[in-house]
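Structural features, examined
Letter by letter, the chains look like this.
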Amino acid sequence: MLIFVAMMVLPLFLLSGFYLYTAWLILYYAILASGWNIGRIGNVISLANFGYVGIGAYSYGLATLNNLPFASALFLSGIVPVICMIPVSFLLMIKLRGLYFSVGTFVVPLIASALIQVFYGTGLYIPFQKAIPINQSYIILATLTFFSVAFTAWMTWSRYGLALRSMFDAEAAAEANGVNTGRLKLIIFLVPAFFGGMAGAALASSLSFLDTDVVFAVGDLLLLILATLIGGAGTVFGPVIGAVIVTILTVVLGIYLPYGHLAVYGVIVIAVVLGKPIIQYYRANLRSRASVKNVTSS
Amino acid sequence: MIGLPEVLQLIAAGLVTGVIFGLMGLGLSVILGTMGIVNMADGAIIMFGMYLTYWLFALFGILPFFAAFLIMPLFFGVGILFQYAFAELPSKLGITDRDALAIVGTIGLAALLEGSANILWSPDVRQIGIAWLNVPIGFGGVVDLPSGHLLAAALTIVVYVAVFIFFRRTYAGLSIRALIEDRTAASLMGVNVGRMSLIGGGLGISLGGIAACMLTMTNAFYPSVGWQFLLYAFVVVALGGMGNIIGSLIAGASIGVIQSATIAVSNSILVPVVFLSIFLIALAIRRESI
């Protein structure tokens, strides 16, 4: 864990400019990815994570424009997405299951984005003097990543982790054993909103112009899911590792393939989603075939 | 103020574009029914179909409605592949969380299609420009509709009738409906569930392809337009019911009218909000389709 913290803090002192920006991006995606990962552990596949960034960014922007101090603006950007998601979560979790739930969560950021477009369609200008230097926002991101990973660790290694896993495997049985699935689901659905919103504030603090297309990026959704899948879904540090890989991939692809990066991500996602099970299947089958052979020959 | 002629024009224009939305939704709901997964790539597939139609016209001069005859079998094949990759294969591999895999996988497929379209054909907005498709045809001096829209709507109705007959009268159609309702019972009744699912998947995607051909006559398009179409398809499915042919037609028509009305009132800013809210509410209320 200490190594992890050290690795996060190191770039702040060693890197600068473009490299620091890359490290910043890594942490950004790490926060979002671990947020998605938290949901996935409990089989809550939320597709709304990219919306938290957007809502948080606009909350921060509006707060800053109204001359609220930085700390409150930051806090607001975490709280507002959570408040927005509370009615949504009740609506979605009580009424919908499985993939319809996920589709519903996908729609919510789109609604928020559309509503914001109605009021602030031309974009939100933040005065340049209020922009935060990248060093400071890096520290904020590092703290958020730390807490996000810590939360994942707590959720995984404590008895809550057991509860979540049981929920994932057999929800009815878990409930029968006294697991409060409703409350657990609510927690793992709302906590990523908090972290994601603050990450959105960090993003907004380095921009001077907020536009819905920028902060509600569906492409980011794909990237954060990819990061979690590559790094190892369901593990504590998996999303972070995945975020490193994905960010480096993004930067490299941005240089060589300005338009088609989306296609590459798509291929990778499909490959990972279909490929992992295929590999598992063949591994398991080969193993069992070998053991059967041994039995029959002897 | 808005008088009767304007309202009639609104309704007529909305109906004409709406039936095509209904077709999109029908494709999505067939896939939903036969595969049990949400095809997030449906919009992107339609977008791809629109580009293919465009290029068939630009390179070979094939008019969109004739292109439909080429696109349909192609997309049927694609649909079979799609069905196999996302429904049969996971079952064979014994994957338990197939729904999650399908959602993430189809998002990936959508990204792949959109990215490829960006690389191949650039993000510029395109439109098929055929002069005689844009002739306004008047009805009683009150309503004016472009001939292309009318043609697309008429052909869509023809497709609807064909699909309706297919699902009601042919053995294949009935078996697909059976397996949508209850897979196990259908297989007990002698339906080759595996093969029929593949056919159902092919049908769903090819319906999307036909919708794409129709859409090229009414809309301009660019690689990211797929998400907008996906939203329309979702709303149609949510409102009209899964696998419900007449329902999707009515839902599509209603959506078209709602869209015209919203654009007339608020200059298309509110359109996404309206549709998304309808979708969420419909999704929450309609429990039987879940």
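Residues numbered from 1 in each chain as written. Chains lettered and ligands numbered in written order. Predicted model: local features only at pLDDT ≥ 70, side-chain atom pairs only at ≥ 80, totals over all residues. Heavy atoms only, no water.

**Considerations on the overall build of chain B**
Check the secondary structure of chain B and you find 11 helices and two strands. Helices and strands appear in chain B in the N-to-C order α-α-α-α-β-β-α-α-α-α-α-α-α. Buried positions account for 55% of the 290 residues belonging to chain B. Considering only contacts in chain B between residues 6 or more positions apart, those separated by 24 or more positions represent 74%. (Helix = DSSP H or I, 4+ residues; strand = E, 2+ residues; numbered from the N terminus. Buried < 20%, exposed > 50% of the residue type's maximum accessible area, 1.4 Å probe, protein only. Contact = heavy atoms within 4.5 Å.)

**Some remarks on the side chain of Ser260 of chain B**
Considering the arrangement of structural elements, one finds Ser260 of chain B in helix H10 (residues 245-266). Ser260 of chain B gets classed as buried once you look at its relative accessible area, which sits at 13%.

**Some details on the interface of chain A and chain B**
When the parts come together, some accessible area is lost, and that loss is often what is quoted as the size of the interface. Each side of the interface is counted separately: chain A has 41 residues, and chain B has 44 residues. Here chain A packs against chain B, burying approximately 3600 Å² in sum over the two surfaces, 86% of which is carbon and sulfur. The interface formed by chain A and chain B holds zero salt bridges in total. Linking chain A with chain B are zero residue pairs in polar contact (both at pLDDT 80 or more). Looking at the side of chain A that touches chain B, the elements with two or more residues in it are helix H2 (17-41), helix H4 (70-95), helix H5 (98-120), helix H11 (218-231) and helix H13 (261-297) of chain A. Take the side of chain A that touches chain B: its biggest share by element is 14 residues, from H5 of chain A. Here the residues of the side of chain A that touches chain B are counted per class, giving 34 nonpolar, five polar and two charged. (Buried area = accessible area lost by both parts, 1.4 Å probe. Salt bridge = Lys/Arg side-chain N within 4 Å of Asp/Glu carboxyl O. Polar contact = N/O pair within 3.5 Å; in protein donor to acceptor, adjacent residues only side chain to side chain. Nonpolar A, V, L, I, M, F, W, Y, C, P; charged D, E, K, R; others polar.)

**Some words on H2 of chain A**
With 25 residues, H2 of chain A extends 36 Å between its outermost C-alpha atoms, agreeing within 8% with the 36 Å of an ideal straight helix rising 1.5 Å per residue. Within H2 of chain A, 21 of the 25 residues are buried, which leaves it mostly tucked inside the rest of the structure. (Expected span 1.5 Å × (residues − 1).)

**Quick notes on the environment of Val237 of chain B**
Residue and element names in this part refer to chain B. Among the secondary structure elements, Val237 is positioned in helix H9 (residues 225-240). Separated by 42 residues in the primary sequence, Val237 and Phe279 have C-alpha atoms spaced 9.1 Å apart. Those residues within four positions of Val237 in sequence are excluded, and the remaining contacts are Gly25, Leu28, Ser29, Leu32 and Met242.

**Here we look at the packing of H11 of chain A against helix H12 (residues 238-256) of chain A**
All names here are of chain A. Where H11 contacts H12, the axes come no closer than 7 Å and their chain directions differ by 125 degrees. The orientation of H11 relative to H12 falls into the category oblique. Where H11 crosses over H12, the handedness of that crossing is right-handed. Touching Leu223, Leu226, Ala227, Thr228, Ile230 and Gly231 of H11 are Gly238, Pro239, Gly242, Ala243, Ile245, Val246 and Thr250, all from H12. (Axes fitted to C-alpha atoms, helices over the stretch in contact; angles between N-to-C directions. Parallel < 35°, antiparallel > 145°, perpendicular 65-115°, else oblique. Left-handed = near helix turned anticlockwise from the far one by under 90°.)

**A word on the packing of aromatic side chains**
Evaluated as defined, the whole model comprises 15 aromatic pairs over all chains. Residues Trp24 of chain A and Tyr28 of chain A carry aromatic rings whose centres are separated by 5.7 Å and whose planes lie at 10 degrees to one another, so their mutual orientation is stacked. Highlighted residues: Trp24 of chain A and Tyr28 of chain A, both in helix H2, separated by four residues, approximately one helical turn. Given the relative accessible area of 3%, Trp24 of chain A is considered buried. Its relative accessible area of 3% is what places Tyr28 of chain A among the buried residues. When the centroid spacing of 5.0 Å and the interplanar angle of 65 degrees are considered together, the rings of Tyr232 of chain B and Phe275 of chain B count as edge-to-face. Note that Tyr232 of chain B is positioned in helix H9 and Phe275 of chain B in helix H11 (residues 271-285), a separation of 43 residues in sequence. Since its relative accessible area comes to 2%, Tyr232 of chain B is described here as buried. Three or more aromatic residues link up through ring pairs in this structure, and these residues are Tyr21, Trp24, Tyr28 and Tyr29 of chain A. (Phe/Tyr/Trp six-rings, centres within 6.5 Å; stacked < 30°, edge-to-face > 60°.)

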